[in-house]
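Next come the chains, spelled out residue by residue.
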Amino acid sequence: VKCFNCNMIYLNPVLKDKYLTEYYQNNHVEQSSVVMSDQNFYRKLYNEGLDSVEKSIDIGGLLDIGCSAGFFLEIASDRGWDVSGIELNKQEFQLSREKGYRVHDIELDQINFDRKFDLICLWDVFEHIKDGAQYLKKITNLLTDIGVIFIQIPSSDSIAAKILQDKCNMFDGLEHVNLYGINTISKLVENNG
């Protein structure tokens, strides 16, 4: 569905939270397979993301939400970040843990962190979040005073979305519950401080 007032694109109806969580826990491990098969691309992408953040803040504590098999955690750790992650997919969670990273396999609001983070990353995760405003408030509370939230999302304003329309893989009809363009994500972030 597309809102003609704000141009937000969202899935309606959406699976109930319980079923969406079960889906993510038992989903395929395709994302980690894609990353591992194209490591050079993802290494470049992840390093560019960290380069942009490190212009604003010093290296410190990092939380990667939706960390998959931990490839980004590995890159950030190699750069000196003290990394933690959250991954609901049981198989990818296990792969991250086997690499020695602090990773949780439960929802964010079920975790009692004993620290605040300088950087919270959501690489291709935020479009899976049903209530973006509420989630931003939750993660903002986990930031240090100078902390940064880094979000990478597919853009509903992209050329691929405009040309392919409903055949574009961002319109998957199940997982991508909210699709943001530059105006909608800017408005959401501004409205939530």
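Nothing here was measured: the structure is a model prediction, and the numbers come from that model. (Residues numbered from 1 in each chain as written. Predicted model: local features only at pLDDT ≥ 70, side-chain atom pairs only at ≥ 80, totals over all residues. Heavy atoms only, no water.)

This part is about helix 3 (residues 39-54). The terminal C-alpha atoms of helix 3 lie 22 Å apart, and with 16 residues this matches the ideal 22 Å at 1.5 Å per residue to within 8%. For helix 3, the full list of buried residues reads Y42, L45, Y46, G49, L50 and V53. Down the axis of helix 3, the buried side of the element spans an arc of 130 degrees, and every buried residue falls inside it. For helix 3, the exposed residues set more than 90 degrees away from the buried face come down to N40 and K44. (Helix = DSSP H or I, 4+ residues; strand = E, 2+ residues; numbered from the N terminus. Expected span 1.5 Å × (residues − 1). Buried < 20%, exposed > 50% of the residue type's maximum accessible area, 1.4 Å probe, protein only. Arc of directions from axis to C-beta.)

So, on to the packing of aromatic side chains. The final tally for this structure, using the stated rule, is 9 aromatic pairs. Ring centres of Y46 and F71 lie 6.3 Å apart, and the angle between their planes is 55 degrees; on these two criteria the pair is classed as tilted. Here Y46, found in helix 3, pairs with F71, found in helix 4 (residues 71-78); they are 25 residues apart in sequence, far enough to count as distant. For the pair Y46 and F71, one class covers both residues: buried. A ring pair is formed by Y46 and F72, whose centres lie 5.2 Å apart and whose planes are at 70 degrees; its orientation type is edge-to-face. Residue Y46 is located in helix 3, and its partner F72 is located in helix 4; the two are separated by 26 residues in the primary sequence. For the pair shown, Y46 and F72 are each scored as buried. Taken together, the ring pairs in this structure connect F41, Y42, Y46, F71, F72, W123 and F150 into an aromatic cluster. (Phe/Tyr/Trp six-rings, centres within 6.5 Å; stacked < 30°, edge-to-face > 60°.)

In an α-helix, one turn spans 3.6 residues, which is why side chains three or four residues apart end up on the same side. Turning to helix 6 (residues 132-140), its buried residues are G132, Y135, L136 and I139. Viewed end-on, helix 6 has its buried residues packed into an arc of 105 degrees, placing them on one side of the element. Buried residues along helix 6 sit in contact with strand 2 (61-65), strand 5 (117-123), strand 6 (143-152) and helix 8 (182-191). (Contact = heavy atoms within 4.5 Å.)

Once that is clear, we can look at the nonpolar core. Judged by nonpolar contacts, the single largest core of 22 residues is most densely connected at L50, L62, F72, W81 and L119. Secondary-structure elements contributing two or more residues to this core are helix 3, helix 4 and strand 5. Residues within four places of L62 in sequence aside, it is in contact with L50, F72, L73, A76, W81, D82, V83, S84, F117, L119 and C121. Residues L108, F113, I129 and I185 belong to the second largest nonpolar core, which totals 21 residues. (Core = buried A, V, L, I, M, F, W, Y, C linked by side-chain atoms within 4.5 Å.)

On the surface, a nonpolar cluster with roughly 340 Å² of combined accessible area is contributed by I159, I163 and L164. In this fold, I163 is placed in helix 7 (residues 159-164). (Patch = residues over 30% accessible without salt bridge, like charges linked within 9 Å, V, L, I, M, F, W, Y side chains within 5 Å. Areas by Shrake-Rupley, 256 points an atom, 1.4 Å probe, with all protein chains shown as cover. Salt bridge = Lys/Arg side-chain N within 4 Å of Asp/Glu carboxyl O.)

A few words now on unusual backbone geometry. Going from N12 to P13, the amide bond is cis rather than trans, its omega being 5 degrees. At S68, a residue that is not glycine, the phi angle is positive and equals roughly 55 degrees. Relative to the helices and strands, S68 is located in the loop between strand 2 and helix 4. For S68, a relative accessible area of 11% corresponds to the buried category.

Looking now at the sheet that holds strand 4 (residues 102-104). Strand order in the open sheet formed by 5 strands is 4-3-2-5-6, and the pairing between neighbours is parallel. One side of each edge strand has no neighbouring strand; the edge strands of this open sheet are strand 4 and strand 6. Taken over all neighbouring pairs, the strand axes of this sheet differ in orientation by 20 degrees on average, direction set aside. The pairing of strand 2 with strand 3 (residues 82-86) spans 5 bridges and is parallel. Its bridge partner being in strand 3, L62 is matched across the sheet by V83. (Pairing = 2+ DSSP bridges. Axes fitted to C-alpha atoms, helices over the stretch in contact; angles between N-to-C directions.)

This model, assessed by the stated rule, comprises 6 salt bridges. Across the salt bridge formed by E48 and K44, the nearest N and O atoms sit 2.6 Å from each other. Of the two residues, E48 and K44 are both situated in helix 3; the distance of 4 residues between them amounts to about one turn of the helix. Salt bridges here are not isolated pairs; linked through shared partners, they connect D51, E54 and R79.

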